[in-house]
Amino acid sequence: MGEETQAYKMLLAAKEQFWFNLGYEAQAPLKETKEVSPLTIDSAAARFKRFESFLKEAFPGTNGQIQSSVRTLPSFVERQEAASGRLLAGRFLLKEDYALPVAGSIKARGGFHEVMEVAERLEAEGKGGELDQFELAVGSTGNLGLSIGLLGSALGFQVKVHMSADAKAWKKEKLRSHGVQVFEYESDYGAAVAAGRKECQVSPNCHFVDDEASASLFNGYAVAAREVEAQLKTEGVTVDSDHPLCVYLPCGVGGGPGGVAYGLKHIYGDAVHVFFAEPVQAPAAMLGWLTGEFAGTSVQDVGLSNVTEADGLAVGRVSPLVSDLLKDQLAGFFTVTDERLKRDLVTMYETEGLFLEPSALAGVRGPWDVEASGFFEKVGVSADQVTHLVWSTGGSIVPEDVQREYIEGKGER
Ligand SMILES: *Cc1c(COP(=O)(O)O)cnc(C)c1O
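The structure contained in this document is the topic of the report that follows.

Rules used in this analysis
Residues numbered from 1 in each chain as written. Predicted model: local features only at pLDDT ≥ 70, side-chain atom pairs only at ≥ 80, totals over all residues. Heavy atoms only, no water. Helix = DSSP H or I, 4+ residues; strand = E, 2+ residues; numbered from the N terminus. Rg over C-alpha atoms; globule rule 2.2 N^0.38 Å. Buried < 20%, exposed > 50% of the residue type's maximum accessible area, 1.4 Å probe, protein only. Contact = heavy atoms within 4.5 Å. Areas by Shrake-Rupley, 256 points an atom, 1.4 Å probe, with all protein chains shown as cover. Pairing = 2+ DSSP bridges. Axes fitted to C-alpha atoms, helices over the stretch in contact; angles between N-to-C directions. 1 Å grid on protein atoms, 1.4 Å probe; cavity = no way out; pocket = protein on both sides within 12 Å on 5 of 7 lines; lining within 4 Å. Points joined across faces, edges and corners; volume = space filled by probe spheres on them. Disulfide = S-S within 2.5 Å. Near = heavy atom within 4 Å. Polar contact = N/O pair within 3.5 Å; in protein donor to acceptor, adjacent residues only side chain to side chain. Sits in = over half its atoms within 2 Å of the grid points. Nonpolar A, V, L, I, M, F, W, Y, C, P; charged D, E, K, R; others polar. Core = buried A, V, L, I, M, F, W, Y, C linked by side-chain atoms within 4.5 Å. Domains from an automatic or database assignment.

Here the focus is the overall build of the protein. Looking only at helices and strands, the protein features 17 helices and 11 strands. What you see for the protein is a C-alpha radius of gyration of 20 Å, in line with the 22 Å of a compact globule of 413 residues. Taken along its principal axes, the extent of the C-alpha atoms in the protein is 60 × 40 × 40 Å. Relative to its 413 residues, the protein shows a buried fraction of 60%. Counted over contacts in the protein with a minimum sequence separation of 6, partners at least 24 positions apart contribute 76%. Carbon and sulfur atoms form 48% of the exposed surface of the protein, whose accessible area is close to 15,800 Å².

This is the structure:
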């Protein structure tokens, strides 16, 4: 109780912290439903395969695979070690979803999967030739809208994207240049989603991509876990109870990180520990788990602003689907300030030449914090046997002039 009270106070004060989920059970069996299970992840993986030739043709220069690599970051790690005065005992790897083809963010996984699923369903109903009669709608802080809009329009759907106030101007412009209808709201993510959902309900041939509850998005994200498994095998990285894998995922509504976590838990069980990273003003998941209220509360309810430069993470209430599936499966949560995100953005660029958008940097401090916390001693593992996988979730399609503004420390609105 004491520990939780302290963490809650820190959350209310918008202070950075690392909180271990007291309800975490590394060995708890994964919940399975008709809509989300290892079988539905199999189906999602097969769907990506079926669309490879379409994607390759529709997006020249890509190989049709929605996959990213895993790499080391020796210079970045060295710089962080020097700055913090703490050496990292374990191995540090970066998952490069910031460079996913076409959409340039983790949303290419979930978003593309749902668009593909809808297209296949219509095709099975004999309506494959009339996709322009159907509408896809989505509410988004930016990147989900981009992924639904870019693939949806390539397949011939009409697409309507309802953007929250956080969405960056270039994301809206890019969508409009692809013939996507963009609606802008002064309010935050939750309101944009609600508006999109409502408009879609009264439209006769409209499919709403529901970021707060979609199993299709979730399954698309979960496929990433198999990719990681194959990549770690190729790299010769062992993952077992003596050599655990710790994964750090930037979290908005929770679908992206939740899907990946679910997929990884299915493969590695108690040999993987998953941590979610959020901005101090938008710790929707931390708040939900910490209070035990999950989607029943929001950061605005407790007086936080939900305003952050990390647009992809500007979400006030965690997904009920994700909290239901992963209640006891997440090892912990941590928060970061915008100042830290901006600093790490510049460091990443200076040391490795990689540009990541602010959201995509939320996880990078995780490995140091977990090592310092005594977590490995508690689970009886030697810290130098651990592999830390930090998920970089977006950045590669940010226009160069906008990248430059971030790198020069000006940010963008
Ligand atoms: C959407 C997004 C996330 C988080 O995904 P959620 O499903 O909203 O939790 C993280 N990083 C970036 C760059 C994103 O666009």
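From this point on, the discussion continues.
Moving on, we get to the sheet that holds strand S6 (residues 181–184). Taking strand neighbours across the sheet as the criterion, the 4 strands line up as S6-S5-S4-S7 in an open arrangement whose pairing is parallel. Both edges of this open sheet fall to S6 and strand S7 (206–209), since each of them pairs with a single strand only. Across the sheet, the mean angle separating the axes of adjacent strands is 20 degrees when strand polarity is ignored. Pairing analysis gives 4 bridges linking strand S4 (residues 135–140) to S7, with the strands arranged parallel.

Right, let's talk about the layout of surface pockets for a bit. Reported here for the largest pocket is a volume of approximately 260 Å³. Ala45, Phe48, Gln67, Val223 and Glu227 are the residues nearest the centre of the largest pocket, which is lined by 14 residues in total. Within this model, the second largest pocket holds a volume of roughly 190 Å³. If you go around the second largest pocket, the residues you meet are Gln80, Ala83, Ser84, Arg86, Arg340, Arg343, Asp344, Arg365, Trp368 and Asp369.

All right, on to the state of the cysteines then. This model, assessed by the stated rule, comprises 1 disulfide. The disulfide partner of Cys200 is Cys206, and the S-S distance across this bridge is 2.0 Å. One quick way to see it: the torsion about the S-S bond of Cys200 and Cys206 is about -110 degrees, and its sign makes the bridge left-handed. In this structure, Cys200 and Cys206 share a single accessibility class: buried. Free of any disulfide, Cys246 has its nearest neighbouring cysteine sulfur in Cys251, separated by 17 Å.

The subject of this paragraph is the sheet that holds strand S1 (residues 18–20). The mixed open sheet is built from 7 strands, whose spatial order is S1-S10-S9-S8-S11-S3-S2. Two strands bound the open sheet, and with one partner strand each, they are S1 and strand S2 (70–72). Direction aside, the axes of adjacent strands within the sheet are offset by 25 degrees on average. Across 5 bridges, strand S9 (residues 272–279) lies against strand S10 (residues 332–336) in parallel orientation. Looking across to S10, one finds that Phe275 is bridged to Gly332.

Taken together, 16 residues are adjacent to the ligand, and Lys107, Gly252, Gly254, Gly256 and Thr393 come closest. The contact in question runs from an oxygen atom of the ligand to an N or O atom on the side chain of Asn143, over 2.7 Å. Considering the ligand on its own, with 370 Å² of exposed area, one finds that the protein chains cover 99% of that surface. Judged by the fraction of its atoms near the pocket grid, the ligand is located in the largest cavity. By residue number, the principal contributor to the shell around the ligand is helix H11 (residues 255–268), which donates 3 residues. Looking at the shell around the ligand residue by residue, the classes come out as 5 nonpolar, 9 polar and 2 charged.

The subject of this paragraph is the nonpolar core. With 127 residues, the main nonpolar core has Phe112, Phe157, Phe275, Phe276, Trp289 and Trp391 as its most contacted residues. With 7 residues, the single largest contributor to this core is helix H5 (residues 107–124). Lining this core are residues from two domains, each supplying at least three of them: domain 1 (2–103 + 218–407) and domain 2 (107–213). Leave out the neighbours within four places in its chain, and Phe276 touches Leu249, Cys251, Pro257, Gly258, Ala261, Ala285, Leu330, Gly332, Phe333 and Phe334. The next biggest cluster of nonpolar side chains, apart from the first, holds 8 residues, and it includes Ala137, Tyr189, Val193 and Val315.

This part covers the side chain of Lys168. By the secondary structure assignment, Lys168 is in the loop between strand S5 (158–163) and helix H7 (169–177). What makes Lys168 buried here is its relative accessible area of 1%. Polar side-chain contacts of Lys168 include one of 2.9 Å to the side chain of Glu309.

Evaluated as defined, the whole model comprises 3 cavities of 30 Å³ or more. Its volume calculated, the largest cavity comes out at about 240 Å³. Residue lining of the largest cavity: 24 residues in total, with Ile106, Lys107, Gly252, Gly312 and Leu313 positioned closest to the centre. Top element by residues in the lining of the largest cavity is H11. It accounts for 3 residues. Tallied by class, residues from the lining of the largest cavity come to 9 nonpolar, 12 polar and 3 charged. Looking at which domains feed residues into the lining of the largest cavity, each of domain 1 (2–103 + 218–407) and domain 2 (107–213) gives three or more.

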